[in-house]
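Given next are the chains, with one letter for each unit.
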Amino acid sequence: MYDIILKQGKERSFQRRHPWVFSGALSKIPQGVGNGETVRVLSSQGEFLGYGAYSATSSIAIRIWSFDINDLPGYDFFERKFRAALTFRKIIFNNVLPDSYRLVHAESDGLPGVIVDIYPGFAVCQLSTAGADYFRNEIADALYCVTGCNVYERSDVDSRKREGLPDVKGLLKGVEPPEFIEFTENGIRFRSSLKEGHKTGFYLDQRVNRQVVSSAAAGCGDVLNCFSYTGGFGLAALHGGAHHVLNVDSSGAALEFACSNAQLNGFSTEQFSVEDADVFQFLRKCRDSRKSFDMIILDPPKLAETIKQRDKAARAYKDLNLLGFKLLRPGGKLFTFSCSGAMDDDLFEKVVCSAAQDANVNFRIIQHLAQAPDHAVSGFFPEGHYLKGLYLIRTE
Ligand code: SAH
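Residues numbered from 1 in each chain as written. Predicted model: local features only at pLDDT ≥ 70, side-chain atom pairs only at ≥ 80, totals over all residues. Heavy atoms only, no water.

## Topic: helix H7 (residues 232-239)
Buried residues dominate H7, accounting for seven of its eight residues. Restricting attention to buried positions, one finds in H7 the residues Gly232, Phe233, Gly234, Leu235, Ala236, Ala237 and Leu238. (Buried < 20%, exposed > 50% of the residue type's maximum accessible area, 1.4 Å probe, protein only. Helix = DSSP H or I, 4+ residues; strand = E, 2+ residues; numbered from the N terminus.)

Structure representation (structure tokens):
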């Protein structure tokens, strides 16, 4: 195993147990160390700091697997981590695990680059870093052993490009997933494609927020669910007693799933309709024709991938929320989200407030929202917090 020595003073992040080492912190990189290979990280004084995965092309040159000299990554290591992740989820869910949940939330579960979502009979994993990719077989075997599920890989994520890795998608262990898988969330039935759906098939991070929408929806006449994907928030609103939901998304395939999910739950096309459109254009059309709604949900895709894109993204969030406020009736409820890690909570709130100012609308903040607890964030890795949202009511 190669040793990588840090520059003097660069071991400080290790005291905070932060798992990233940037390329500027390395004193020199030994010849021949491969992308994703495990390296021993040493301080400038030669003390052992941790075992990490070397990333040849990323600015995050090393991601730490373990700070313990006796805890070398390999099959046993992954099996232990997955068992710990499962035990933790049992604590979160008071021993009653839902049909679908996040088992492993990467760095927050001590596993940089490894995401695992569970659906009935299937563990779907996403390996986004060179180190995670390097241990694909050990990860698949350990997951199969710990969960008893078939293991399917969905490593078709943009961030792999930064790691010099191609997209990978396919069966790792057991049998192929069927065309769609069925599961229940907050009492609502969903079907999703694990092979073709977004992320690992479904946005599990919004489970609790869908419950909040459901509780706020009783008696709402017109709900507008923007960026609806397969209808998650829309169905939650109907389940909570809303009368009609219009779901807008630019993916026809997602909307087909949305309609079949509505049917599956016994909702009619009078209650649940869909529109295949660009949300920004659609909202402008609504504004021009003076349409308004009792509840609006804005859950756009990640508009800022990196800090560099933050200013541009802030303008897009502002535009979106400004339109949202304009279409909201007095007393109407707005649920607005950002899943961009690069937009911190404060900036997001400022953007939403300035959108309300420009729309000349008064509002109160009812609740601050975040990712579901199975996506819990380690105190040593604040970057694990990415999803933020606000529940607002327009006042007179
Ligand atoms: N709210 C969803 C998840 C939204 S993910 C849920 O609870 O499951 C973001 C969605 O936005 C995706 O379905 C994507 O197809 C859609 N999308 C991305 N850009 C869009 C645009 N400009 N207009 C409409 N939909 C868009």
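The structure having been displayed, the exposition proceeds.
## Observations regarding the site of the ligand
Around the ligand, 15 residues are found, and the nearest of them are Arg210, Asp249, Asp278, Val279 and Asp299. One of the backbone N or O atoms of Ser250 is found 3.0 Å from a nitrogen atom in the ligand. The fraction of the free accessible surface of the ligand (580 Å²) that becomes covered by protein chains is 89%. Per-class residue counts for the shell around the ligand are seven nonpolar, four polar and four charged. (Near = heavy atom within 4 Å. Polar contact = N/O pair within 3.5 Å; in protein donor to acceptor, adjacent residues only side chain to side chain. Areas by Shrake-Rupley, 256 points an atom, 1.4 Å probe, with all protein chains shown as cover. Nonpolar A, V, L, I, M, F, W, Y, C, P; charged D, E, K, R; others polar.)

## Here's the deal with the side chain of Asn225
Among the secondary structure elements, Asn225 is positioned in strand E14 (residues 222-226). Residue Asn225 is classed as buried on the basis of its relative accessible area, which comes to 0%. Among all residues touching Asn225, those that are not within four sequence positions of it are Gly231, Phe233, Gly234, Val245, Leu246, Asn247, Val248 and Ile297. (Contact = heavy atoms within 4.5 Å.)

## Considerations on the packing of helix H6 (residues 207-216) against H7
The N-to-C vectors of H6 and H7 enclose an angle of 35 degrees; their axes lie 7 Å apart at closest approach. Once H6 is placed against H7, the crossing between them reads as right-handed. Taken together, the residues of H7 that come into contact with H6 (itself represented by Asn209, Arg210, Val213 and Ser214) are Gly232, Phe233, Ala236, Ala237 and His239. (Axes fitted to C-alpha atoms, helices over the stretch in contact; angles between N-to-C directions. Left-handed = near helix turned anticlockwise from the far one by under 90°.)

## Some words on the sheet that holds strand E7 (residues 101-105)
Taken together, the five strands give an open sheet; going across it, the order is E7-E8-E9-E10-E11, and neighbouring strands pair in mixed fashion. The outermost strands of the open sheet, each flanked by one partner alone, are E7 and strand E11 (168-173). Taken over all neighbouring pairs, the strand axes of this sheet differ in orientation by 20 degrees on average, direction set aside. The pairing of strand E8 (residues 114-119) with strand E9 (residues 122-127) spans six bridges and is classified as antiparallel. Bridge assignment links Tyr119 to a residue of E9, and that residue is Phe122. Each of E7, E8, E9, strand E10 (150-155) and E11 touches helix H4 (residues 136-147); the most contacted strand, E11, lies at about 50 degrees to it. (Pairing = 2+ DSSP bridges.)

## Looking at the sheet that holds strand E18 (residues 328-338)
Pairing within the open sheet is mixed, and its seven strands lie in the order E16-E15-E14-E17-E18-E20-E19. Only two strands of the sheet have a single partner each, and these edge strands are strand E16 (272-276) and strand E19 (362-370). The average angle at which neighbouring strand axes cross in this sheet is 15 degrees, direction not considered. The pairing of strand E17 (residues 293-298) with E18 spans five bridges and is classified as parallel. Across the sheet, Met295 pairs through a bridge with Lys333, a residue of E18. Relative to E18, H6 is tilted by about 175 degrees, and along the sheet it contacts E17, E18, E19 and strand E20 (388-395). Where helix H10 (residues 310-326) meets the sheet, it contacts E17, E18, E19 and E20, and its direction lies at approximately 155 degrees from that of E18.

## Overview of a positive patch on the surface
Residues Lys7, Lys10, Arg12 and Arg16 make up a contiguous surface patch of positive charge. In this structure, Lys7 sits in the loop between strand E1 (2-6) and helix H1 (12-15). (Patch = residues over 30% accessible without salt bridge, like charges linked within 9 Å, V, L, I, M, F, W, Y side chains within 5 Å. Salt bridge = Lys/Arg side-chain N within 4 Å of Asp/Glu carboxyl O. Lys, Arg positive; Asp, Glu negative; His and termini not counted. Charge placed at Lys NZ, Arg CZ, Asp CG, Glu CD.)

## Some details on the pattern of salt bridges
A complete count under the given rule lists 25 salt bridges for this structure. For the salt bridge of Asp3 with Arg40, the shortest nitrogen-to-oxygen distance reads 2.7 Å. Here Asp3 is found in strand E1, whereas its partner Arg40 is found in strand E4 (residues 38-42), with 37 residues between them in sequence. Among the residues examined, Arg40 registers a relative accessible area of 28% and is labelled partly exposed. Note that Arg136 and Glu153 form a salt bridge whose closest N and O atoms lie 2.7 Å from each other.

## Remarks on the domain arrangement of the protein chain
Structurally, the protein chain comprises domain 1 (2-66), domain 2 (75-179) and domain 3 (203-395). If you average the C-alpha positions of domain 1 and of domain 2, the two centres end up 24 Å apart. Contact residues are listed per partner, giving 15 residues for domain 1 and 18 residues for domain 2. When the buried area of domain 1 at its contact with domain 2 is split by residue, Asn35, Arg63 and Trp65 rank highest and sum to 52% of it. Between the two partners, domain 1 and domain 2, sit one salt bridge. Here Arg63 and Glu163 are joined by a salt bridge, their closest N and O atoms 3.0 Å apart. The tally of links between domain 1 and domain 2 comes to eight residue pairs in polar contact (both at pLDDT 80 or more). Those elements that place two or more of their residues in the side of domain 1 that touches domain 2 are strand E5 (48-54) and strand E6 (60-66). For the side of domain 1 that touches domain 2, a count of residues per class yields six nonpolar, seven polar and two charged. (Domains from an automatic or database assignment. Buried area = accessible area lost by both parts, 1.4 Å probe.)

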